[in-house]
Amino acid sequence: MERYSVEDCDSESKSESVNDTEISESDFFSKRYQTKKEDDRYSPGLVLPLVLGALDAFGNLSESEEVVGHIRAFESEKAGHQYKRYTGENRKNDDYLANPVRESFARIAFRLSQKGMISLSIASLASDCPKLRSIALAIIYRFLQAVKTREAQNIGAWKSRSQIEMAINAIQRGLVLSRMNVQQKQDEHRSQMFHPPRIPNICSLYLARSLLILTKPSDNMYPAVNKSFLRQKDYHGAFTNWYSIPIFMTLFCSVSEAIEQSKKERLWALHLLNDGIVDTLSFRMVSRRHIPELLLTTFDAAVSRDGTIQDDAECILLLKSTETLVKKGGKGSFNHYFHSVGIMDWIQSSMVNVTLNAQHHSPDILAHFIQLTRAVIRKAVYDFPEDFRCSNIWTRMDAIGIANGISDLYLKWHATRTIDSSVPTDTSVVSCVCEIFWSVVKLNELNNVSFKSNNLNPNGMLLESCIKIVQQTEHIVPEYRIKVLAAICSLPFADHSNMDQSTNFCTESLRTLLLENLHNVSDLQPINYTTILHRISTLSLYFKEQDQYTTILNQLFGCRRILINYHGLGAQWLDCVSSVVANFGKHADMTSTYLEYESLSNAFKSLTYFSSS
C-alpha cells in the first residue's frame with residue numbers, strides 16, 4: 001500500500017527532471033506520494049494508473065473491428081447460423097447486435113463508478129503533477145465513452161447513468177473552454193497547451209462530491225446539486241465556474257422552506273469550504289466573495305441564541321473554517337484578516353460573547369475558539385512578525401484581556417467537557433492555551449512593550465485561574481509546563497493580597513521546576529526561569545506564616561542544582577532566595593527560623609563567590 005501525501009511534482013519542469021533519471025513510471029508516482037506521516041489511504045498515483053489500464057484494455061477492444069468481428073463470428077457459429085464477415089459495409093446492420101466486449105466495458109465502468117473512481121479522477125485534476133492530471137482526464141474520457149454506449153443503458157442497476165453523463169459532459173466542455181482561453185492568451189507557448197489545466201482544489205472537490213451525490217437520489221443534497229448542473233445553459237451546459245466558489249452562497253444562504261434542510265445545506269457548504277481551502281489561490285477565490293466576513297458575523301449570530309446539536313455543529317464548523325482560512329491563506333489572509341476585517345478586535349469582542357453563552361452550547365465550541373485564537377496570534381507572531389510590528393494593529397490589542405479571557409474559556413471548557421469527547425483532546429487544548437500565553441508575551445516583545453509584572457492591573461490574571469492552568473499542564477510535556485508558567489509570570493496579576501493563593505502559586509511553580517529536574521530537561525532559555533524566580537520573590541511579600549516561607553525556601557533549595565548547574569542562573573537563584581529570606585525577616589515572630597535560613601543563604605553566597613573567583 002502506498003502512502004498518500006499532498007506533495008506532488010510542482011510543475012512540468014519538476015516532472016521532467018524526474019524523468020531524466022532512470023526511474024520507472026510506477027516509481028515516479030510512488031516516490032512523489034511518499035510521506036513520513038502515517039496514512040492508510042491509497043495514493044492516487046497508484047490507483048489511477050491501474051483504473052486507466054483496466055478501462056483502456058476493454059475500451060480499446062470494444063473499438064477494434066477485428067476483435068468484435070471474431071467474437072460475433074464465434075457466437076454465430078456456436079448458434080449454428082451462417083455469419084457474414086463483419087466489414088464496414090454491413091456495420092450499420094450489425095449495430096443492434098450484442099457486443100460482449102462493449103458490454104464488459106460498460107459493466108467495468110459501472111462497478112468502478114460505484115467505488116467512487118469518477119470522483120477520485122475529478123479530484124486529481126487539482127494535482128500539481130501534470131502526469132497525474134493527464135491520467136485523470138483519460139479516465140474521465142473513458143467513463144464518458146462508457147456511459148454513452150447502448151450496453152450501459154441496458155444496465156438496470158445503473159440508474160444514475162444520465163446524471164453522470166450530464167456532469168461529465170459539463171466538465172469536459174468547461175475544460176475545453178478553459179483551454180481555449182489559455183490558448184488565446186499564450187499563443188507563443190503552444191507546447192503548454194497540451195498539458196491538462198490545473199483547476200483549483202475547492203472547485204475539484206465540489207465536482208467530486210457532486211458526482212457522489214448524483215449517484216444517490218435519496219441524498220439530502222441531491223436536489224440542490226442536481227439543480228446547479230441543470231441551471232448551466234451557456235455553451236451547452238459547460239461548467240465555467242472554475243475560479244469561483246460553486247453554489248456556496250446558494251447553499252450557505254439557503255432559503256429552503258424546511259428549516260432542517262437549510263441547516264443541512266449550510267453544513268454541507270461549510271464542510272466544502274473547510275476541506276477545499278489548501279493554498280493562497282483558494283483563499284483569493286473566497287475573499288473575493290467576502291466569505292471570511294460572512295463566517296465571522298454568522299458565528300456571532302449563531303452563538304448568541306440557544307443552540308441545538310445542529311447549531312453547535314454549525315458554530316464549530318464556522319470556527320474550523322475560519323481557522324483553515326487563516327492558516328492556509330498565506331500573506332493574503334494576513335493582510336485581509338488583520339487589516340481589512342480586524343480579526344483581533346473580533347476575537348476580543350466575541351470572546352465575551354462566547355463566555356456569556358457557554359452554558360447554552362457544547363463545550364467543544366470553547367475549545368475550537370481557543371484553537372482559532374492560537375492560529376490568529378501565531379499568524380502575527382511567527383509567520384509575519386515584521387508586518388505586524390510595522391502596523392498599528394498591536395496598539396488596539398488588549399493582550400492582558402486576551403490572556404485572561406482565554407484562561408476563563410479554558411477553565412469553563414475543562415469543567416463542562418464530557419468524558420467521551422475525544423476531539424479536541426485535553427492535551428491539544430492545554431497546548432493551545434500555553435502557546436497563546438507565550439505568544440501574547442512574544443507579541444509585546446516584538447513591539448518593544450514589556451509588562452511590569454510587579455505592578456497590579458485590575459484586568460490582570462487571577463491567581464486562582466493561573467494555579468488551575470498550571471496544574472492542568474501536568475498532562476503535557478515538561479517543556480510546555482515551563483513555557484506556560486513563564487508566560488503567566490510575565491503577565492501582570494490582578495491581585496496579590498490573597499495569602500493562600502500566592503503560596504499555592506509559588507508552590508506549583510517550584511513543583512514544576514522540580515518535575516523538570518526529574519525529566520532532565522535542559523534546553524530551554526534561561527529567561528524563562530528568571531521570570532519565574534522574579535514572580536516568586538514578588539509574591540513572597542504577601543506571606544504571613546512561617547510554614548509558607550519554610551515550604552517555599554525548601555523548594556527553592558531543591559531547585560538549586562538545575563538552575564545553577566544546568567542553566568548558570570546562580571545569581572538569579574541567590575537573588576530570589578535572598579528576597580524571600582528578607583521578606584521572612586520582616587515578621588518578628590519568625591526570628592529564630594529566619595536566622596537559620598539567613599545563615600544558609602549567606603553560606604551559598606560565599607560558596608558562589610569563591611567558586612566564581
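Coordinates for the structure precede this section.
Given the structure is predicted, the values throughout are model-derived calculations rather than measurements. (Residues numbered from 1 in each chain as written. Predicted model: local features only at pLDDT ≥ 70, side-chain atom pairs only at ≥ 80, totals over all residues. Heavy atoms only, no water.)

Student: What am I meant to see in the overall build of the chain here?
Tutor: Helix and strand counts for the chain come out as 30 helices and zero strands. When contacts within the chain are restricted to residue pairs at least 6 apart in sequence, long-range pairs at least 24 apart make up 79% of them. On the chain, roughly 29800 Å² of surface is accessible, and the fraction owed to carbon and sulfur atoms is 51%. (Helix = DSSP H or I, 4+ residues; strand = E, 2+ residues; numbered from the N terminus. Contact = heavy atoms within 4.5 Å. Areas by Shrake-Rupley, 256 points an atom, 1.4 Å probe, with all protein chains shown as cover.)

Student: So what exactly am I meant to see when it comes to the pattern of salt bridges here?
Tutor: Close approach of charged atoms allows side chains with opposite charge to pair. All chains considered together, the criterion is met by 15 salt bridges. The shortest N-O distance in the salt bridge between E435 and R378 comes to 2.8 Å. Highlighted residues: E435 in helix 22 (residues 426-446) and R378 in helix 19 (residues 363-383), separated in sequence by 57 residues. Given a relative accessible area of 30%, R378 falls into the partly exposed group. (Salt bridge = Lys/Arg side-chain N within 4 Å of Asp/Glu carboxyl O. Buried < 20%, exposed > 50% of the residue type's maximum accessible area, 1.4 Å probe, protein only.)

Student: Before we go on, may I ask you to explain the nonpolar core in this structure?
Tutor: The nonpolar side chains of soluble globular proteins are, as a tendency, buried together. Grouped together as the largest cluster of nonpolar side chains are 159 residues, with contacts concentrated most on F299, F505 and L556. No other element matches helix 22, which puts 11 residues into this core. (Core = buried A, V, L, I, M, F, W, Y, C linked by side-chain atoms within 4.5 Å.)

Student: Would you mind showing me how to read helix 16 (residues 309-328) here?
Tutor: One turn of the α-helix equals 3.6 residues, which is why residues spaced by three or four share an orientation. An ideal rise of 1.5 Å per residue puts 28 Å on 20 residues; helix 16 measures up with 28 Å between its terminal C-alpha atoms. Within helix 16, 14 of the 20 residues are buried, leaving the element largely enclosed by the surrounding structure. Phi turns positive one or two residues past the end of helix 16, at G330, with a value near 65°. (Expected span 1.5 Å × (residues − 1).)

Student: I would appreciate a short explanation of the packing of helix 15 (residues 291-304) against helix 18 (residues 343-356) in the present structure.
Tutor: The relative placement of two packed helices is expressed as an angle between their axes plus a distance between the axes. At their nearest, the axes of helix 15 and helix 18 sit 10 Å apart, and the two run at 15° to each other. Overall, the two elements helix 15 and helix 18 adopt an arrangement that is roughly parallel. Considering how the two elements wind past one another, helix 15 and helix 18 form a crossing that is left-handed. In contact with L296, F299, D300, V303 and S304 of helix 15, helix 18 contributes W346, S350, N353 and V354. Taken together, the residues of the contact of helix 15 with helix 18 break down into five nonpolar, three polar and one charged. (Axes fitted to C-alpha atoms, helices over the stretch in contact; angles between N-to-C directions. Parallel < 35°, antiparallel > 145°, perpendicular 65-115°, else oblique. Left-handed = near helix turned anticlockwise from the far one by under 90°. Nonpolar A, V, L, I, M, F, W, Y, C, P; charged D, E, K, R; others polar.)

Student: Hey, could you run me through the packing of aromatic side chains in this one?
Tutor: In the structure shown here, the tally under the stated rule is 14 aromatic pairs. Ring geometry for F110 and W158: centres 5.4 Å apart, planes at 45°, overall tilted. Taken together, the residues span a long stretch of sequence, with F110 in helix 5 (residues 100-114) and W158 in the loop between helix 8 (150-153) and helix 9 (161-185) at a distance of 48 residues. Relative to Y337, the ring of F283 lies with its centre 6.1 Å away and its plane at 40°, an arrangement referred to as tilted. Within this pair, whereas F283 is found in helix 14 (residues 280-287), its partner Y337 is found in helix 17 (residues 330-341), the two being separated by 54 residues in sequence. What links up through ring pairs into an aromatic cluster is the set Y206, F229, F239, W242 and W268. The side chain of R535 reaches across the aromatic face of F493, ending 3.9 Å from its centre. (Phe/Tyr/Trp six-rings, centres within 6.5 Å; stacked < 30°, edge-to-face > 60°. Lys NZ or Arg CZ within 6 Å of the ring centre and 35° of its normal.)

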